[in-house]
Every structure is written in C-alpha cells, then in structure tokens.
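Residue-level listing of the chains:
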Amino acid sequence: MPKRFYIETVGCQMNVLDSELIAAELLQHGYEPVDSRSRADVILFNTCSVRQHAEEKIYSALGRLKHIKRQRPGTIIGVIGCMAQKDRQRIFRRAPHVDIIVGPGRLSRLPELLLQVESGAGPLLEVSLDRTAGDRESVRASFEPYQFDRSADARPLPQQAIVRAMSGCDKFCTYCIVPSVRGPEQSRPAERIEAEVRQLAEQGCIEVTLLGQTVNSYRDTTVAGRTLRLADLLKRLHEIDGIERLRFVTNHPRHMTDELIESVGTLPKVSPYFHVPAQSGSNRVLKRMNRGYTAQQYREMLDRIRATVHDAAITSDFIVGFPGETEDDYQQTVALVQAGRFKNSFIFKYSPRPGTKAAELYEDDVPYAVKQRRNNELLAIQNAISLEDNHRWVGRRVEVLVEGSSKVARKRPFSGDTVQLVGRTVCDRIVVFDGPPELAGRIIPVKIDRAEAFTLFGRLRLCKTQEEHSC
Ligand code: 5AD
Ligand code: SF4
C-alpha cells in the first residue's frame, strides 16, 4: 500500500511554494496525499519563525501528536522550514517524538531522509550552515534553492502558480530572522524561471506570481556581459502564450526603480499590484530597523508608482512597538498609513527574535498593552481606508480569476447548479459572487454591487459591455 503524507503549512508564500514542491516530489516517489494528520504515515510541519507566536503554535501542535505516535509508532513526524533551521536540536528536546528536522535550504534531501527513517535510522537533522560558519561561497552552497518539476496535481488550483525568482535575503533588517534561516540572497537564472513558466503554461496555468523576499532586487548575472533585472524578466515572461497574469512579491522600497514601475505600467499582463512594506513612518525607527530609506523617500516612491501605473493597488506591512518606538514615532506611522492610501496593510506587533540585531541590542521596552492598542488603532485606520477604496469599485465590471467555492459555500451542502464562488481581481481584490463551480480556474467578468473592507460582492456578467473599466 502506498505511504500517505500530510503537510501542514504556516507562514509566507515561500512555505506554500516549498510545500507544493515537496508534495510534487513525494507524489513522484509513490506517496499519496491525505487531508488529515490521523490518516497519514508521514506528517510534515512546514514552519515559520518570523514571530514567536507562530513558533509556539507549532510546538503545541507537535505536543498534540504524541498520542498519534503512541498509537501508531510507525508514523514519521517531520519539522521542515524556518523553525527547523533556527531551533534544530531544541525541537528534538521539546518534542522528542519528532523524527526528522530539515531546514529550508536542504529540502531536496527530504525523500532520502524519509527512507532512512523508515529503515530505523532516525532521528535525523539536516540544516544549512549558519551565516557566519564559513566563507560566503560555502554558506551559499549550503542553502540550495529548492526546485522540482511542477505538477498541476500538487497545486490547489492548477491555473495559479507561485514561481521562485529568488531565495534568501541580505538586507538584515534588525528585527528579522529571515536572512539567518533562509540564507544569502540568490537569484535564479532567468532562463530557468522562463523554462518553469513555460512548463506551467503547458499545464494550463494562467497566473504566475514571482516570489522573492526582496523580489525587486532580482539580478541574474549568468548571461555574459549583461545583468537582467526584474523588469527584464517580466518582459521575457510576458511573451509566454497562455500566461495571462503576472505578479511579483515582496518588494523592498529601495529597489523600486522607475524602469520596474514603467514595465508594470506598460506590460498588459503584469498586475498593477505592489506589495512594498514600509514597516514604520518614523525615520528614527526606520534607521534602527536598518531599512535603508526615510519616510519621505517611501512617500516619493508611492507618488512615482501612482503617477505611472493607473489604478495601482499598493499594500504594505507595518511593525508597531519596535524597541524605543515613542508615541510620536507611532503617530508618524499613522500619518504614513493615512497618506499612503494602501489597498490593505498587514500590521504586526514587534516580536523579539533571538539571533537578530534588534533582540541583541535593544530592550523590548514597549509594553504589550501599548503594542496591542497601536496595532488595533492602526488596523482600524487602515480598514476604513480599505473600505473607502473598495467602494470605488461598486458599479464597475472587474475580471476575476475564480479560485473556487467560498468558505461559506464549503460549509453548506451543494444544492442546484450555483454555489458561492470566490476569486481575485488582477490587483488582488477578493470578489465573492454566485456561479457554477465549473468556473474555477477561469477569468470571468463580474459586476460589483457591494463592498466591504476586505471583500467585493458582485454578480456574474457573462456578456461583455465595454463602458465600465475592469480592475
Ligand atoms: N516582529 C514582528 N513582525 C515582524 N516581521 C518580520 N519580523 C518581525 C518581528 N520580529 C513582519 C514584517 C515583515 C512581515 C513578513 O513580518 O512586517 O514585512
Ligand atoms: Fe526580513 Fe528585511 Fe529581508 Fe524582508 S528585507 S526578509 S524584513 S531582512
């Protein structure tokens, strides 16, 4: 009987992509996917270390697996991803029933390690070198960008795919653990990315999201005499038949060049969507975060985007309660959120990460209650802006890539030929409407009737009228 695997994924899109590639590789090795831990022979947790809360949740989930291991001692439990690289032996100490720990730079070893554990070799640990544990080349080589042939069966929606443009990060923002756990910044050669996107298009994929921690610092120097940047890569991918939407995340404000903004403005398949985290509106805090720009420079960048890209949707991340953040610093962040008119923002309470500069140098001195208040206030300000911004779409017709049934529809028994469907506009707005489930994976026109801060509600418009703009 084939071995069954279950992968639980938390954290960012990088983890979502890694889990998809692992699923594709395990499928090729004859494993079968299952949708619950209790039915699996191999349970993998793909983990995140960005905030402490995410780690604590994984430790409790691992604790709950003890009884599965008691009932079925042959079950293999693996911890992969950022926590595996960061916590290593600590995971074995806190959860001795774990069999395998594999860091994000060593994922290609997973199938072989599973075989070794099956034959009684566990527990096994496979992680990359620490960033200071060797010369740049050996550290880089120990963080392999994981790649594997794409399989439409491993994606929730075959028409949508994430493609790695870069891995790792060299920015060393003082609060952030990512450069330690994901290793040095490495761009994949454009040729390989292009080959992967062609393979995806052949599998029926229509939307590609290029991924990198700072994707707009993409640099391919493998072609003699030429450095290819993100704008060049977008132009090449734009030529691929079948691909209808191209997006890229996450951007760093310092690398938002005019050339890149212009390419978004002029290439019709590229989404007018920019996720560019600001993190703070205070120059003092930005400096202590080592972000490398001022609030004024960030605002100028927003102006450059808006002047060039019609109806650009810009989103951001903010951290509140960074060490030393005064009420005045926080008010400058409020001012940036108000001026920025972001489509939405993700707001986080600072969480000290052992191993980062901020955790080493600065006391976590903003009381939790203050962080909580700033978080709630900022979120309320942003949500009011998101609602106003979404209202602009009421009465308009938008093109929606249908992702499938909405959460509400999944809870209801299916009756008749329509269900509540959910999809996204080209600028990442969520749209809910009723329609037949077979529309999943297609781009269709929807007329918007109503707006909430995070969702647009509409009706299917299968006959096209040209008088309204689409997003
Ligand atoms: N504490 C809180 N938020 C953090 N982020 C990264 N590190 C931390 C931390 N130590 C946030 C940043 C980043 C997003 C992915 O997570 O806003 O953009
Ligand atoms: Fe972390 Fe900064 Fe790199 Fe983003 S740019 S992954 S916040 S170090």
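Given the structure is predicted, the values throughout are model-derived calculations rather than measurements. (Residues numbered from 1 in each chain as written. Chains lettered and ligands numbered in written order. Predicted model: local features only at pLDDT ≥ 70, side-chain atom pairs only at ≥ 80, totals over all residues. Heavy atoms only, no water.)

**Student:** So what's going on with the overall build of the protein? Residues and values would help.
**Tutor:** Scanning the protein for helices and strands turns up 17 helices and 21 strands. C-alpha atoms of the protein, sized along the principal axes, occupy 65 × 55 × 55 Å. Burial status across the protein gives 54% buried among its 471 residues. In the protein, once contacts between residues fewer than 6 apart in sequence are set aside, the share between residues at least 24 apart is 72%. When the accessible surface of the protein is split by element, carbon and sulfur atoms take 50% of a total near 20,600 Å². Computed over 68 positive and 60 negative side-chain charges, the inter-centroid distance for the protein is 3 Å. (Helix = DSSP H or I, 4+ residues; strand = E, 2+ residues; numbered from the N terminus. Buried < 20%, exposed > 50% of the residue type's maximum accessible area, 1.4 Å probe, protein only. Contact = heavy atoms within 4.5 Å. Areas by Shrake-Rupley, 256 points an atom, 1.4 Å probe, with all protein chains shown as cover. Lys, Arg positive; Asp, Glu negative; His and termini not counted. Charge placed at Lys NZ, Arg CZ, Asp CG, Glu CD.)

**Student:** Which residues make up the pairing of strand S17 (residues 397-405), and what are the values?
**Tutor:** Extensive coverage of S17 is indicated by the burial of 7 of its 9 residues. Here 4 bridges tie S17 to strand S18 (residues 419-424), and the two strands are oriented antiparallel to one another. Within S18, the residue paired with Gly404 across the bridge is Val422. (Pairing = 2+ DSSP bridges.)

**Student:** Hey, could you go over the layout of surface pockets for me, with residue numbers and the actual values?
**Tutor:** Computed from the structure, the second largest pocket encloses a volume of approximately 460 Å³. Around the second largest pocket, the lining is made up of 19 residues, and of these Phe172, Ile177, Ser180, Gly355 and Thr356 lie nearest the centre. At 3 residues, the largest contribution of residues to the lining of the second largest pocket is made by helix H8 (residues 178-182). When the residues that make up the lining of the second largest pocket are grouped by side-chain class, the tally is 7 nonpolar, 6 polar and 6 charged. (1 Å grid on protein atoms, 1.4 Å probe; cavity = no way out; pocket = protein on both sides within 12 Å on 5 of 7 lines; lining within 4 Å. Points joined across faces, edges and corners; volume = space filled by probe spheres on them. Nonpolar A, V, L, I, M, F, W, Y, C, P; charged D, E, K, R; others polar.)

**Student:** Talk me through the side chain of His275; I want residue IDs and the actual numbers.
**Tutor:** As for its position among the elements, His275 is in strand S14 (residues 273-275). Residue class for His275 comes out buried when judged on its relative accessible area of 7%. A polar contact is formed between the side chain of His275 and the side chain of Thr315, at a distance of 2.7 Å. With residues near it in sequence (within four places) discarded, His275 still touches Val249, Thr250, Asn251, Thr315, Ser316, Asp317 and Phe346. (Polar contact = N/O pair within 3.5 Å; in protein donor to acceptor, adjacent residues only side chain to side chain.)

**Student:** Outline the environment of Ala24, supporting the account with residue identities and numerical values.
**Tutor:** Here Ala24 is to be found in helix H1 (residues 13-28). Sequence separation between Ala24 and Met1 is 23 residues, and the spatial gap between their C-alpha atoms is 19 Å. The contact partners of Ala24, leaving out residues within four places of it in the chain, are Phe148, Asp149, Ser151 and Ala154.

**Student:** Go over the sheet that holds strand S2 (residues 32-33) with me, naming the residues and quoting the values.
**Tutor:** With parallel pairing, the 6 strands of this open sheet are ordered in space as S2-S1-S3-S4-S5-S6. Every interior strand has two partners, whereas the edge strands, S2 and strand S6 (124-126), have only one. Alignment of strand S1 (residues 4-9) against S2, held across 2 bridges, turns out to be parallel. Across the sheet, residue Arg4 finds its bridge partner in S2, namely Glu32. Across the sheet, helix H2 (residues 52-64) touches strand S3 (42-47) and strand S4 (76-81), and the angle it forms with S3 is around 170°. Across the face of the sheet, helix H6 (residues 110-118) comes into contact with S3, S4, strand S5 (100-102) and S6 while running at roughly 165° to S5. (Axes fitted to C-alpha atoms, helices over the stretch in contact; angles between N-to-C directions.)

**Student:** Talk me through the domain arrangement of the protein; I want residue IDs and the actual numbers.
**Tutor:** Interfaces are often described in size by the accessible area the parts lose on coming together. Each domain of the protein was delimited in the assignment, giving domain 1 (4-133) and domain 2 (397-470). Each of domain 1 and domain 2 has a C-alpha centre, and these two points are 36 Å apart. (Domains from an automatic or database assignment.)

**Student:** I'd like a description of the site of ligand 2, backed by residues and values.
**Tutor:** What surrounds ligand 2 is the set Cys169, Lys171, Phe172, Cys173, Tyr175, Cys176, Val178, Pro179, Gln213, Thr214, His252 and Arg291. Its residues assigned to classes, the shell around ligand 2 shows 7 nonpolar, 3 polar and 2 charged. (Near = heavy atom within 4 Å.)

**Student:** Describe the nonpolar core, naming the residues involved and giving the relevant values.
**Tutor:** Counting 53 residues, the largest nonpolar core has Ile193, Val208, Leu210, Leu230, Phe248, Phe274 and Tyr298 as its most contacted members. Excluding anything up to four places from it in sequence, Leu210 contacts Val163, Ala165, Ile193, Val215, Leu230, Leu233, Leu234, Leu237, Arg247, Phe248 and Val249. The next biggest cluster of nonpolar side chains, apart from the first, holds 31 residues, and it includes Ile22, Tyr146, Ala154 and Cys427. (Core = buried A, V, L, I, M, F, W, Y, C linked by side-chain atoms within 4.5 Å.)

**Student:** Summarise the site of ligand 1; cite the residues concerned and give the values.
**Tutor:** Surrounding ligand 1, one finds Val50, Arg51, Tyr175, Gln279, Asp317, Ile319, Phe348, Lys349, Tyr350, Ser351 and Arg353. Within the side chain of Gln279, one N or O atom sits 2.7 Å away from an oxygen atom of ligand 1. Note that a nitrogen atom of ligand 1 is positioned 2.8 Å from one of the backbone N or O atoms of Ser351. When the free accessible area of ligand 1 is taken as 410 Å², the share hidden by the protein chains comes to 85%. Listed by contribution, the elements that provide at least two residues to the shell around ligand 1 are strand S15 (313-320) and strand S16 (344-349).

**Student:** So what's going on with the packing of helix H10 (residues 230-238) against helix H11 (residues 258-266)? Residues and values would help.
**Tutor:** Running from N to C, H10 and H11 point in directions that differ by 20°, and their axes come no closer than 8 Å. Here H11 runs roughly parallel to H10, going by the angle between their axes. Every pair of crossing elements has a handedness; the one defined by H10 and H11 is left-handed. Across the interface between the two elements, Leu230, Ala231, Asp232, Leu234 and Lys235 of H10 pack against Glu259, Leu260 and Ser263 of H11. Looking at the contact of H10 with H11 residue by residue, the classes come out as 4 nonpolar, 1 polar and 3 charged. (Parallel < 35°, antiparallel > 145°, perpendicular 65-115°, else oblique. Left-handed = near helix turned anticlockwise from the far one by under 90°.)

**Student:** Provide a residue-level description of the confidence of the model for the protein, including the pertinent values.
**Tutor:** In this model, the protein carries a mean pLDDT of 94, and residues with pLDDT of at least 70 account for 96%. Predicted confidence is poor over residues 464-471, with pLDDT under 50, and the contacts of this stretch with residues over four places away or in other chains come to 19 contacts. (pLDDT = per-residue confidence, 0-100.)

**Student:** Explain empty space enclosed by the protein to me, using residue names and the numbers behind them.
**Tutor:** This model, assessed by the stated rule, comprises 2 cavities of 30 Å³ or more. Its boundaries defined by the atoms lining it, the largest cavity holds a volume of some 90 Å³. Along the walls of the largest cavity sit Met14, Asp18, Pro104, Gly105, Phe143, Glu144, Pro145, Tyr146, Arg164, Ser167, Gly168 and Arg182, which together make up its complete lining. When its residues are assigned to classes, the lining of the largest cavity shows 5 nonpolar, 3 polar and 4 charged. In this model, the second largest cavity occupies a volume close to 40 Å³. Leu17, Leu21, Tyr146, Gln147, Phe148, Arg150, Arg164, Arg188 and Glu196 are the residues that line the second largest cavity. Of the residues belonging to the lining of the second largest cavity, the class tally is 4 nonpolar, 1 polar and 4 charged.

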